[in-house]
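Chain and residue survey
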Amino acid sequence: ITASQAGDTNYTAAPNVEQTLTVGPASQIITFAALPAKAYGDASFALTATASSSLAVSYMSSNSEVATISGSTVTIVGVGSATITASQAGDTNYTAATSVVQTLTVGQASQAINFAALPAKDYGDAPFALAATASSSLAVSYMSSNSEVATISGSTVTIVGAGSTTITASQAGDTNYTAATSVAQTLTVGPASQAITFVALPARVYSDAPFALSATTSSGLAVGYESSNPAVATVSDSTVTIIGAGSTTITASQPGDVNYDAAAEITQTLTVNQASQAITFEALPDVTYGDAPFALTATATSGLAVNYTSSNPAVATISGSIVTLVGVGSTTITAEQVGDANYLAAAAVPQTLEVLPNLDIPVIYEPFADIQSTLSGNTPGTGLSGTWISGGMNVSPTGLSYGTLPTSGGTAVKPSGSSAANASVALGQALTNAQLLNNGTTLWFSFLYKRPSTSGTNDQGGFAIGDSSLSNTSDTMSAGSNGFGVFLSRSARVQASYWNNGARTSSSPTSTVIAANATVLVVGKIVWNGNSAAPDTLQLYLPSANLLLPATPHSTTSFILNQSTFDTISFGGKNTTSPTIDEIRFGATYNSVTGQVGTASSGVVTLTAYETWSEVYGGGGVIGSPSDDYDNDGVPNLVEYALGTTPDSSVSRPAVLPEVAGNRLRLRFTPQIVNGLNYTVQSSSDLSEWTDTLIPAASLSTGEPFTFIDTVDIPTSNPPQRFLRLQIAAP
């Protein structure tokens, strides 16, 4: 310490006097109050320890995971405890203070969850994130009370179905935070809307196969269908079955489920057009007039009934599908199907039906099978119309018979004691339909006639076909009427006759007299020529019991008549007794009116080639069958036919000539008919065993000689023997 005095005016400065002063540092103390407990998350706070020296106090945390100190500010880092040491290191004036420690205890913080209400969702919405937060900033976990409505993964909610579920947000806490109180929110999931896609339906045709509908929904749920018109189409599941033509509305619907609202219905119109159809109608085989009715069997692809029409009802009529043959000729049978509500009309299919004449059966046959005491009102036989009109004729139950002629039924007879009687019946259309009244054709008829046991000078009778009935005397028809027939003269002769303008003209009687009580078969052959150069001709024959037709007619007459008006068959007789009539037949051939066997082919009245040839000589009824030998010359009719000789002359014999050329035997003949015949040369060395060699038809020519050369040498035996013979046969 220096003490000085600078002086003044009066004094001079005094010399400084120095003395040493020694000052030691002062002690100091720290005041540091106990620290209150803290919670994690509390704000930083300032320490307020003081030093008695007023020097700044410094701090230190014993546990930096609980609290850190910067300056005097404590920042809480975690839960736990830390020793906070307050110290003052002193300075030049103060010694270091004794450190003071206080314990800082940090407890867990509470936390709260912020979880806002959830907006309503629809089924089908996309997954979404939950956004609940904890005041601790710790991650929140979630739980769905109804996993059939929603599931949660992390914070992502996936909607599973419509309904409601409670979403609970929770935070379990950690070392620094206690568990938060869970917060629940309700998630409501409503059903989703859905839409149907149903494209327009293409037009269909009745008879199309069932088909599937293919509407879809945005939900993927199955679509249901309904048809407004089950008469057009029905729907089972998604399959449409077409029932009929027309239109129907197909409605596609989806009623929804727990997850989807019902979809708006979609309709489409299904138009079903009529289906086309085709008729299968096979070609018709030729039939023979007189055949039984038969059924047509055309079918339509629709399965509908086929209708038929006949272009020529004079040949065939149709009822339903049954064809009834009415006459000979050709008709077009047309099969039609007009369609219905479901099918269009089919194209008509025509087929030609050829009705051939039956040369073996009569077109008209009256056996007087309707046996009553009087003929009047009786039902007539085949081919006749109406009923018999009788002027005194009766029917006897005992029929006539003659040789091998097939017979049945009773007999028409005039009762004894009556002076005259007649009977008539309508022809109907049988002969017209069989084309047996056409010009250029031949009509055969036959009947059995029994002469009375006695005959008076005025006894007579008749049988006729014409345009009116014979009078009961058989002499006349009505004025202006015409007909052909038979006059049974009082001299017991059979005369070919015609009636012109009601008056009878008969051929001259032959010398043949019918014996009393004798039954004869009267056969008539009428050739309709219809012109003055060749008038219509009637030939009468009286065949023997073997039914072979005589070579020459018994009686013939000719006249031009208009047979197209013929509509009546009649007969009659007068005086004490009169002829008995039975077994009336009309037909196309001699065979048809005598019960013989003939052969029919196409055309109006067409004979086989052999029959045509035989007609020149009186027909099969005269010369017999191909195997018969009519002229008894040892040559069958067929051989005479084939080689061009006549069957009614024993001096007309075919030339089949044997020849020898070198060491071979030859046989030479000239065929006149090649088609339809087989020529076979038979060879033998002993007349026991024969070898056949069929001559090829191509090697034969009509009218040209043919020579067959044997293939075997004539043997050298003694005597040498080799035989050839010609066989001709129909294949």
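Note that the structure is a prediction, hence the values are computed from the model and not measured.

What follows is about the pairing of strand β46 (residues 483-488). Counting buried residues along β46, 6 of its 6 residues qualify, which places the element largely inside the surrounding structure. Taken together, the 6 bridges between strand β45 (residues 460-466) and β46 define a ladder with antiparallel strand orientation. Across the sheet, G462 pairs through a bridge with F487, a residue of β46. Pairing geometry for β46 and strand β47 (residues 494-500), over 6 bridges, is antiparallel. If you follow F487 over to β47, its bridge partner there is Q495. Here β46 folds back onto β47, and the loop between the two strands holds 5 residues, one of which, A492, carries a positive phi near 65 degrees.

Counted by the stated rule, this structure contains 5 salt bridges. Ionic pairing is found between R664 and D713, a salt bridge with its closest N-O pair at 2.3 Å. Placement of R664 in strand β55 (residues 664-669) and of D713 in strand β58 (residues 706-713) is noted, with a sequence separation of 49 residues between them. With a relative accessible area of 27%, R664 lands in the partly exposed category.

Our focus in this paragraph is the sheet that holds β58. Strands in a sheet are paired, the pairing made by backbone hydrogen bonds, and the direction either parallel or antiparallel. Taken together, the 3 strands give an open sheet; going across it, the order is β54-β55-β58, and neighbouring strands pair in antiparallel fashion. Pairing within the sheet leaves two strands with one partner each, and these edge strands are β54 (657-661) and β58. The sheet shows a mean angle of 25 degrees between the axes of neighbouring strands, taken without regard to direction. With 5 bridges joining them, β54 and β55 adopt antiparallel strand pairing. Each bridged residue has a counterpart across the sheet, and for V660 the counterpart in β55 is L665.

One open sheet accounts for 7 strands, arranged β40-β43-β52-β45-β46-β47-β48; its pairing is antiparallel. Each having just a single partner strand, β40 (385-391) and β48 (503-506) make up the two edges of the open sheet. Mean inter-strand twist for the sheet, computed between neighbouring axes without regard to direction, equals 20 degrees.

With that settled, the discussion passes to the confidence of the model for the protein chain. Of the residues in the protein chain, 95% reach a pLDDT of 70 or more, and the chain-wide mean stands at 89. A low-confidence stretch, residues 598-607 stays under pLDDT 50, and its non-local contacts, those more than four residues away or across chains, total 33 contacts.

Below, the discussion takes up the packing of aromatic side chains. Under the counting rule described, the total for this entry stands at 21 aromatic pairs. Each member of the aromatic cluster is reached from another via a ring pair, and the members are F445, F447, F463 and F586. The side chain of K121 reaches across the aromatic face of F128, ending 4.4 Å from its centre. Its guanidinium or amino end placed over the ring of W690, R725 lies 3.8 Å from that ring's centre, counting from NZ or CZ.

Take the nonpolar core next. Ranked by size, the top nonpolar core spans 68 residues in total, and within it F281, L431, F571 and F586 carry the most contacts. The leading source of residues in this core is strand β44 (residues 442-450), at 4 residues. Ignoring anything within four residues of it in the chain, the contact list for F281 reads L296, A298, Y308, I333, A335, V349 and Q351.

Relative to the helices and strands, A3 resides in strand β1 (residues 2-5). Residue classification places A3 among the partly exposed residues on the basis of a relative accessible area of 45%. Distance in space between the C-alpha atoms of A3 and E18 is 6.0 Å, their sequence separation being 15 residues. Other than its neighbours up to four places away in sequence, A3 contacts P15, N16 and V17.

If you trace the backbone, T442 turns up in strand β44. Setting aside residues no more than four positions away along its own chain, T442 makes contact with L436, K525, I526, V527, G587 and A588.

By secondary structure assignment, the location of T217 is in strand β24 (residues 216-217). Owing to a relative accessible area of 12%, T217 belongs among the buried residues under this scheme. At 3.1 Å, the side chain of T217 forms a polar contact with the backbone nitrogen of G220. Within the structure, the side chain of T217 is placed 2.8 Å from the backbone oxygen of L221, a separation counted as a polar contact. Setting aside anything within four residues of it in sequence, one finds T217 in contact with Q194, A195, I196, V223 and Q254.

Thresholds, definitions, all that
- Residues numbered from 1 in each chain as written.
- Predicted model: local features only at pLDDT ≥ 70, side-chain atom pairs only at ≥ 80, totals over all residues.
- Heavy atoms only, no water.
- Buried < 20%, exposed > 50% of the residue type's maximum accessible area, 1.4 Å probe, protein only.
- Helix = DSSP H or I, 4+ residues; strand = E, 2+ residues; numbered from the N terminus.
- Pairing = 2+ DSSP bridges.
- Salt bridge = Lys/Arg side-chain N within 4 Å of Asp/Glu carboxyl O.
- Axes fitted to C-alpha atoms, helices over the stretch in contact; angles between N-to-C directions.
- pLDDT = per-residue confidence, 0-100.
- Contact = heavy atoms within 4.5 Å.
- Phe/Tyr/Trp six-rings, centres within 6.5 Å; stacked < 30°, edge-to-face > 60°.
- Lys NZ or Arg CZ within 6 Å of the ring centre and 35° of its normal.
- Core = buried A, V, L, I, M, F, W, Y, C linked by side-chain atoms within 4.5 Å.
- Polar contact = N/O pair within 3.5 Å; in protein donor to acceptor, adjacent residues only side chain to side chain.

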